[in-house]
There are 2 protein chains.
Amino acid sequence: MMNVAHAVDAARRSGLEHSTREQRALALETIAASLDGHRTELVPIAHRETHLSEARLDGEITRTAAQLRFFAGVVREGSYLEASIDSADPTTVPPRPELRRILRPLGPVAVFTASNFPFAFSVLGNDTASALAAGCPVVVKAHPGHPELSRRCIEIGRAALLEAGLDSSALTLVEGFEAGRELLEHVEIRAAGFTGSEAGGRALYDIAVNRPAPIPFYGELGSLNPVVLTVAAATQRGADIAAGLVASFTRDAGQYCTKPGVVFAPAVGRFADAVAEYLPGAAAGALLTEGMQSRFAALAAELATDDAVTVRSGADSDTTPLVLELPADALLARPEHFLRECFGPLTLIVNYRDEAQLFAALTLCEGSLTGTIHAEPDEDVSGLTAHLAERAGRVLFNGWPTGVAIAWSQHHGGPWPATTATVHTSVGATAIRRWLTPLTYQDAPHSVLPSELLDGPVGIPRRIDGLLQLAGAELSRG
Amino acid sequence: MMNVAHAVDAARRSGLEHSTREQRALALETIAASLDGHRTELVPIAHRETHLSEARLDGEITRTAAQLRFFAGVVREGSYLEASIDSADPTTVPPRPELRRILRPLGPVAVFTASNFPFAFSVLGNDTASALAAGCPVVVKAHPGHPELSRRCIEIGRAALLEAGLDSSALTLVEGFEAGRELLEHVEIRAAGFTGSEAGGRALYDIAVNRPAPIPFYGELGSLNPVVLTVAAATQRGADIAAGLVASFTRDAGQYCTKPGVVFAPAVGRFADAVAEYLPGAAAGALLTEGMQSRFAALAAELATDDAVTVRSGADSDTTPLVLELPADALLARPEHFLRECFGPLTLIVNYRDEAQLFAALTLCEGSLTGTIHAEPDEDVSGLTAHLAERAGRVLFNGWPTGVAIAWSQHHGGPWPATTATVHTSVGATAIRRWLTPLTYQDAPHSVLPSELLDGPVGIPRRIDGLLQLAGAELSRG
């Protein structure tokens, strides 16, 4: 472990921004391979520190390695650079000089890791992978929920950087609340990523934006992830949907940012009864930390004892899964009381009377990462889709939001409080853009240009005089 | 003029987000044509309210119309949507459903206009053009420096929207300091653009980021725009460079965000003497407002009377141009005193002893929109370029930063305080991205998809299963 000043100084000196794309792609692949190779050592440490099952943790390592390799592919493909060249044109107003634009790394960045994904959103997780891919050295703030795992992962990551021929100073770890604050306030830190609670994320966001020179803060905070069942879906597939819901909201003890936290079901459908059929088979292990366990217990008790609520419980276990049923009228009367993210195996089933009441209730939901619709193929769900699209970054159909695929077309974000920076994503190819800033060279001698901005072909997609060209296309200048 | 609540409500109801790309492109072209058509009416109003010359204002209308037409082209080309489709793949970890991603408009946005470009960065200027292009209705906060012009421009813009078949509610004007604050705090406003002073921009930024649900604030604040002359350039082209500098820093009375505010020249070169040759021919008219005039006079007097400074003056005029010469030692001793943006026809010439001292001085410069190098063709300026690239969004060679071309490869931004959101630009094609947020559809019925995400071809560049394809390419699914 380093102190903050030392870590940021090391990051500055690492020279990562001068590495080539191929060097960084290889480094990401080397980290992925090393993570894979240390699987049998790492899973038991993670299991002991987080209580997550070994099977889940093993799968999470696979996912984390896949993320690292995905960003290696993004870096090699090169369109993330948005390279663009415009010839001079003295006839425009104002006259146009020769302009060559590219995205460049911001500089050293801070990554605040999550508790619930000790691999995929932690030391070598998605924020770190995308920042290293961009060419930004990373100072990781360890999550106190898995300190030993964090230390082993940083060693693995640093060794892999060295093995790939890069300076290991580009990846360091700091620990402790005060170190996190100091890191975020450090004048040489240019941006920060965060995954965690709304309260914690807001506190850090406030530090970042109130600095003398504010920096971008990419936080993924809280999300209710509303689910809507149409009358037809509830009627025709109620049992299947109920089974899917129980599996989704109790998965890994409900500790997903994409857990379905509120389900709108037609009052006529008796959907909660169907859910109750599957609850006895649902159990949940201990939550990640004692603090989370006690916060879950307190909020669950507060909601479950409300007069408007009918409670159904899963199997008695370390953390007993809970389904709270209530009429939409009660939700509409006290939305702030009920529409709170509850981290753990609990979901609300809100019975709506008609579409007008459903839409009124949806309007009260704050921003989420996801919104889900269960409907039958012949139904017109365009109005419902539009409603959810205003409130969630991913709208999905006849499935469950947990399990965020790694893909070019993925988006993991949404309006506040789902994320602090709604125009960005923390998963998917464009997550790299958070760590990049444009730079335009005007009438520059070719000796100072990055290779991707030289006359071509240079092996990446580029825009030449306004026309997008695929990799390998000859540079045709008008 | 409307009150804020009315304006935001109108924006919400305008339905602009449901317009087609072609409708918005036509609307932008209609606004451009109408602006062109009202040229003879608008120039005198602007001249009376801003003191800028009629020739300059006439050229600025041409520029503003070109910006509007440029964004019409960006909208038609369609790659700004970043449309992407990934087929389902159950073999990945986690399994990948079918994902279709696009950027969608954020919703109603606020535009705080600038005083120094009463057309190009005002009511129908770059922020408004890019936001309308994105599909975001705009509530403009008028600049008090040109109220009558603002009112005429909003009428022209609204009439053009109607003429193009869109609802004029998508573009409204509010006036006054309190209205601006109320607008920025309005829960339905999703983002804001701003061009102006560092003090004003910081105050508004603070409001935006400290809301209960913060919003993106894209501000372009202050910029020193450092210029560096190498020894060789100063020796061989000193007179030419001096002439160019005088023209640039006195252009329109030095009221450009890209005005060269500090010039680093080799102490051996006597560059300030060369500049002095051209100063007698330089005169400047009255500044935009009386407040600016008095702030300029106060700061110019404070700097000019400093013991370390040698003053050279231009022609006695409404605002007398000033060149302040000082040794780099003095700058290094008191950087905060000297490195302040001075809005008006004033620039510093800082004489540096050697490269080490030059780099030490550059390190003290805060973020700028531009950095300029004057060097000879055979010189190695890669180190100097890297230095400036860390501090400025556009690095230019053997030219002057004033006059920002409209182009795909343009970048108008930079580290704080040049802009509040360093990963974005306020000029150039990607300025549209500030008003867009990603949305991913997962396993969606085609009836709810936007046309650009249907199976193709759909006439825009898209990424299909990770592969970028140009417009018109057939959709090939693996």
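Provided above is the structure to which this section pertains.
Participant: Before we go on, may I ask you to explain helix H14 (residues 355–363) of chain B in this structure?
Facilitator: Note that an α-helix has 3.6 residues per turn; residues three or four places apart therefore point the same way. Residue and element names in this part refer to chain B. Inspection of H14 places Gln357, Leu358, Ala361 and Leu362 among the buried residues, and these make up the whole buried set. One side of H14 carries all its buried residues, which in axial view fall inside an arc of 135°. H14 presents Glu355 and Ala356 as exposed residues on the side facing more than 90 degrees away from its buried surface. Packing partners of the buried residues in H14 comprise strand S8 (226–229), strand S9 (262–266), helix H12 (328–333), strand S12 (346–352) and helix H15 (382–389).

Participant: How do you make sense of the interface of chain A and chain B when you look at a structure like this?
Facilitator: By a widespread convention, an interface's size corresponds to the accessible area lost as its parts come together. Taken together, the contact between chain A and chain B spans 75 residues of the former and 75 residues of the latter. Approximately 6,000 Å² of surface area, both sides summed, lies buried where chain A meets chain B, with 56% of it carried by carbon and sulfur atoms. Contact with chain B buries surface across chain A, with Ser409, Val423 and Gln442 of chain A losing the most and accounting together for 10% of the total. Where chain A meets chain B, there are six salt bridges. Of the charged contacts in the structure, one is a salt bridge between Arg433 of chain A and Glu82 of chain B, with a shortest N-O distance of 2.7 Å. Inspection of the chain A/chain B interface yields 44 residue pairs in polar contact (both at pLDDT 80 or more). Elements supplying a minimum of two residues to the side of chain A that touches chain B: helix H4 (54–77), strand S1 (84–86), strand S2 (99–105), helix H8 (198–209), helix H15 (382–389), strand S14 (392–397) and strand S15 (436–442) of chain A. Strand direction decides the pairing type here: S14 of chain A and strand S15 (residues 436–442) of chain B, joined by three bridges, are parallel. When the sheet's bridge partners are listed, Leu396 of chain A is paired in S15 of chain B with Gln442 of chain B.

Participant: I would appreciate a short explanation of the state of the cysteines in the present structure.
Facilitator: Simply put, disulfide is the name for a covalent bond between the sulfur atoms of two cysteines. Residue and element names in this part refer to chain A. This structure, assessed with the given rule, holds zero disulfides over all chains. Considering cysteine sulfurs only, Cys342 is the nearest to Cys365, which forms no disulfide, with 15 Å between them. The class of Cys365 is buried, set by a relative accessible area of 5%.

Participant: What exactly am I supposed to notice about the side chain of Gln255 of chain A here?
Facilitator: All names here are of chain A. One can find Gln255 in the loop between helix H9 (231–250) and strand S9 (262–266). Within polar-contact distance, the side chain of Gln255 engages the backbone oxygen of Asp252 at 3.1 Å. Setting aside anything within four residues of it in sequence, one finds Gln255 in contact with Leu52, Asn116, Ala286, Leu287, Leu288 and Phe343.

Participant: Explanation requested: the sheet that holds S15 of chain B in the structure shown.
Facilitator: Adjacent strands of a sheet pair through backbone hydrogen bonds, lying either parallel or antiparallel. Spatially, the 12 strands line up as an open sheet ordered S10(A)-S11(A)-S12(A)-S9(A)-S8(A)-S13(A)-S14(A)-S15(B)-S2(B)-S1(B)-S16(B)-S17(B), and their pairing is mixed. Each of the sheet's edge strands pairs with one partner strand only, and the pair in question is strand S10 (310–313) of chain A together with strand S17 (467–469) of chain B. Adjacent strand axes in the sheet meet at a mean angle of 20° when their direction is disregarded. As paired strands, strand S11 (residues 322–327) of chain A and strand S12 (residues 346–352) of chain A are joined by six bridges and run parallel to one another. Residue pairing across strands places Leu324 of chain A opposite Leu348 of chain A, the latter belonging to S12 of chain A. Across the sheet, H9 of chain A lies against strand S8 (226–229), S9, S11, S12 and strand S13 (368–374) of chain A, angled at about 165° from S12 of chain A, the strand it touches most. Each of S8, S13 and S14 of chain A together with strand S2 (99–105) and S15 of chain B touches H15 of chain A; the most contacted strand, S14 of chain A, lies at about 150° to it.

Participant: Can you help me understand the environment of Gln357 of chain A in this one?
Facilitator: Residues and elements named next belong to chain A. Tracing the chain through its elements places Gln357 in helix H14 (residues 355–363). Spatially, the C-alpha atom of Gln357 lies 7.3 Å from that of Ala328, the residues being 29 residues apart in sequence. In contact with Gln357, not counting residues within four places along its chain, are Ala328, Asp329, Leu332, Asn351 and Tyr352.

Participant: Is there a simple way to think about the packing of aromatic side chains in this case?
Facilitator: Any pair of aromatic rings gets described here by the distance separating the centres and the angle formed by the planes. Overall, the coordinates contain 16 aromatic pairs over all chains when judged by the stated rule. Measuring from ring centre to ring centre gives 5.5 Å for Phe70 of chain A and Phe71 of chain A, while their planes differ by 70°; the resulting arrangement is edge-to-face. Classification of Phe70 of chain A by relative accessible area gives buried; the value is 13%. For the ring pair Phe117 of chain B and Tyr256 of chain B, a centre distance of 5.4 Å and an interplane angle of 85° mean the geometry is edge-to-face. In this pair, Phe117 of chain B sits in the loop between strand S3 (109–112) and helix H5 (126–134) while Tyr256 of chain B sits in the loop between helix H9 (231–250) and S9, placing the two residues 139 residues apart along the sequence. You'll find Phe117 of chain B and Tyr256 of chain B in the same group, each marked buried. Cluster of aromatic residues (ring-pair linked, three or more members): Phe194, Tyr205, Phe217 and Trp416 of chain A. One residue, Arg463 of chain A, lies across the ring of Trp408 of chain B, its end atom 3.9 Å from the ring centre.

Participant: In this structure, what is going on with the relation of the copies chain A and chain B? I would like to understand it.
Facilitator: Between the two copies of this chain, the relationship is a rotation about some axis together with a displacement along it. Structural alignment of chain A on chain B gives an RMSD of 0.0 Å, achieved by rotating through 180° and translating 0.0 Å along the axis. These values place the two chain copies in the arrangement generated by a two-fold rotation axis. Of every C-alpha in chain A, the one belonging to Val209 of chain A sits nearest the axis of rotation, 3.4 Å from it. Mapped onto chain B, 100% of the interface residues of chain A again fall at the interface, so both copies present the same surface.

Participant: Please explain the nonpolar core as it appears in this structure.
Facilitator: Across soluble globular proteins, nonpolar side chains show a tendency to be buried alongside one another. Formed by 222 residues in total, the largest nonpolar core has its most connected members in Phe264 of chain A together with Phe264 of chain B. With near-sequence residues (within four places) excluded, Phe264 of chain A lies in contact with Pro226, Val227, Val228, Leu229, Leu331, Val350, Tyr352, Leu358, Ala361, Leu362 and Cys365 of chain A. Residues Val8, Val174 and Ile215 of chain A together with Leu183 of chain B belong to the second largest nonpolar core, which totals 46 residues.

Participant: Help me understand the pattern of salt bridges, please; the structure alone is not making it clear to me.
Facilitator: Two side chains of opposite charge can pair, provided their charged atoms sit close to one another. Residue and element names in this part refer to chain B. Under the defined criterion, the tally for this structure stands at 64 salt bridges over all chains. Here Arg13 and Asp9 are joined by a salt bridge, their closest N and O atoms 3.2 Å apart. Of this pair, Arg13 and Asp9 are both found in helix H1 (residues 4–13), four residues apart, which corresponds to roughly one turn of the helix. We classify Asp9 as partly exposed; its relative accessible area is 40%.

Participant: What should I look at first to understand the environment of Leu453 of chain A in this one?
Facilitator: Residue and element names in this part refer to chain A. Tracing the sequence through the fold places Leu453 in the loop between S15 and strand S16 (462–464). You can call Leu453 buried: its relative accessible area is 0%. Once the C-alpha coordinates of Leu453 and Arg96 are considered, the two residues, 357 residues apart in sequence, prove to be 18 Å apart. The residues contacting Leu453, other than those within four sequence positions of it, are Ala83, Ser84, Ile85, Arg100, Arg101, Ile102, Tyr441 and Arg462.

Participant: Is there a simple way to think about a negative patch on the surface in this case?
Facilitator: All names here are of chain A. Together, Glu198, Glu336, Glu341 and Glu366 make up a region of like negative charge exposed at the surface. Along the chain, Glu341 turns up in the loop between helix H13 (335–338) and S12. You can call Glu341 partly exposed: its relative accessible area is 31%.

Participant: Help me out: how do you make sense of helix H4 (residues 54–77) of chain B in this one?
Facilitator: Helix length check: H4 of chain B, at 24 residues, gives a terminal C-alpha distance of 35 Å against a target of 34 Å (1.5 Å per residue), a fit within 8%. Gly78 of chain B sits one or two residues past H4 of chain B and shows a positive phi near 85°.

Participant: Is there a simple way to explain the environment of Asp378 of chain B in this structure?
Facilitator: Checked against the element boundaries, Asp378 of chain B lands in the loop between strand S13 (368–374) and H15. Distance from Asp378 of chain B to Leu467 of chain B, taken between C-alpha atoms, is 41 Å for residues 89 residues apart in sequence.

Participant: I tried to follow the pairing of strand S14 (residues 392–397) of chain B on my own but got confused; where do I start?
Facilitator: As a general feature of sheets, a regular strand has side chains that alternate between the two faces. All names here are of chain B. Across the six residues of S14, six count as buried, placing the element largely inside the fold. Pairing of S13 with S14, which is carried by five bridges, proceeds in the parallel orientation. Paired with Ser368 across the strands is Ala392, a residue of S14. Handedness of the S13-H15-S14 crossover: right-handed.

Participant: Would you mind showing me how to read the sheet that holds S9 of chain B here?
Facilitator: Strand order in the open sheet made by the 12 strands is S17(A)-S16(A)-S1(A)-S2(A)-S15(A)-S14(B)-S13(B)-S8(B)-S9(B)-S12(B)-S11(B)-S10(B), with mixed pairing throughout. Each edge of the sheet is formed by a strand with only one pairing partner; in this case those strands are strand S17 (467–469) of chain A together with strand S10 (310–313) of chain B. On average, each strand axis in the sheet is inclined to that of its neighbour by 20°, with strand direction left out of account. Note: S1 of chain A against S2 of chain A, three bridges, orientation antiparallel. Counted as the bridge partner of Ile85 of chain A is Arg100 of chain A from S2 of chain A.

Each value, and the rule that gives it
- Residues numbered from 1 in each chain as written.
- Chains lettered and ligands numbered in written order.
- Predicted model: local features only at pLDDT ≥ 70, side-chain atom pairs only at ≥ 80, totals over all residues.
- Heavy atoms only, no water.
- Buried < 20%, exposed > 50% of the residue type's maximum accessible area, 1.4 Å probe, protein only.
- Helix = DSSP H or I, 4+ residues; strand = E, 2+ residues; numbered from the N terminus.
- Arc of directions from axis to C-beta.
- Contact = heavy atoms within 4.5 Å.
- Buried area = accessible area lost by both parts, 1.4 Å probe.
- Salt bridge = Lys/Arg side-chain N within 4 Å of Asp/Glu carboxyl O.
- Polar contact = N/O pair within 3.5 Å; in protein donor to acceptor, adjacent residues only side chain to side chain.
- Pairing = 2+ DSSP bridges.
- Disulfide = S-S within 2.5 Å.
- Axes fitted to C-alpha atoms, helices over the stretch in contact; angles between N-to-C directions.
- Phe/Tyr/Trp six-rings, centres within 6.5 Å; stacked < 30°, edge-to-face > 60°.
- Lys NZ or Arg CZ within 6 Å of the ring centre and 35° of its normal.
- Least-squares fit on C-alpha atoms with pLDDT ≥ 70 in both.
- Core = buried A, V, L, I, M, F, W, Y, C linked by side-chain atoms within 4.5 Å.
- Patch = residues over 30% accessible without salt bridge, like charges linked within 9 Å, V, L, I, M, F, W, Y side chains within 5 Å.
- Areas by Shrake-Rupley, 256 points an atom, 1.4 Å probe, with all protein chains shown as cover.
- Lys, Arg positive; Asp, Glu negative; His and termini not counted.
- Charge placed at Lys NZ, Arg CZ, Asp CG, Glu CD.
- Expected span 1.5 Å × (residues − 1).
- Right-handed = clockwise from strand over helix to strand, strands pointing away.

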